[in-house]
Amino acid sequence: MPKVKTKSSAKKRFKLTGTGKIKRKHAFKSHILTKKTTKQKRNLTHAGLVHKSDEANIKAQLHI
């Protein structure tokens with residue numbers, strides 16, 4: 001049986017924490033920043049966690 005490959009897009013976007021949760025970055029922080037408030041941009045800087053309902057799909061893509 002051949003090895004199972006990890007989805008490259010998922011491996012670039014998600015990291016596993018020590019407790020098994022999946023860490024992600026926020027979207028909408030790359031360009032067109034002039035119309036966004038300072039508070040909005042600051043809050044998008046911090047990493048977030050993947051919602052519990054999405055965890056199974058992402059773990060399947062990462063083969064965890």
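Higher on the page you've got the structure.
Remember, predicted model here, so these are calculated numbers, not experimental data.

1. Details of the overall build of the protein chain
Next up, step 1: Across its full length, the protein chain holds three helices and three strands.
Next up, step 2: Its helices and strands taken in sequence order, the protein chain reads α-β-β-α-β-α from the N to the C terminus.
Next up, step 3: Here the protein chain has a C-alpha radius of gyration of 15 Å; the compact-globule value for 64 residues is 11 Å, and the former is much larger.
Next up, step 4: Here the C-alpha coordinates of the protein chain stretch approximately 50 × 25 × 20 Å along the principal axes.
Next up, step 5: Counting every position in the protein chain, which comprises 64 residues, the buried fraction comes to 16%.
Next up, step 6: Once local pairs closer than 6 in sequence are excluded, the contacts in the protein chain between residues at least 24 apart make up 55%.

2. Overview of helix 3 (residues 52-62)
Next up, step 1: The set of residues buried in helix 3 consists of E55, I58 and L62. Down the axis of helix 3, the smallest arc covering the buried residues is 80°, so these residues share one side. Exposed and facing more than 90 degrees away from the buried side of helix 3 are S53, A56 and N57.
Next up, step 2: At the exit of helix 3 stands H63, carrying a positive phi of roughly 55°.

3. Topic: the environment of L62
Next up, step 1: Following the sequence through the fold, L62 ends up in helix 3.
Next up, step 2: In the structure, L62 is positioned 57 residues away from K5 in sequence and 8.4 Å away in space, judged by C-alpha atoms.
Next up, step 3: Non-local contacts of L62, meaning those with residues more than four positions away in its chain, are made with T6, A10, K11 and F14.

What counts, and at which threshold
Residues numbered from 1 in each chain as written. Predicted model: local features only at pLDDT ≥ 70, side-chain atom pairs only at ≥ 80, totals over all residues. Heavy atoms only, no water. Helix = DSSP H or I, 4+ residues; strand = E, 2+ residues; numbered from the N terminus. Rg over C-alpha atoms; globule rule 2.2 N^0.38 Å. Buried < 20%, exposed > 50% of the residue type's maximum accessible area, 1.4 Å probe, protein only. Contact = heavy atoms within 4.5 Å. Arc of directions from axis to C-beta.

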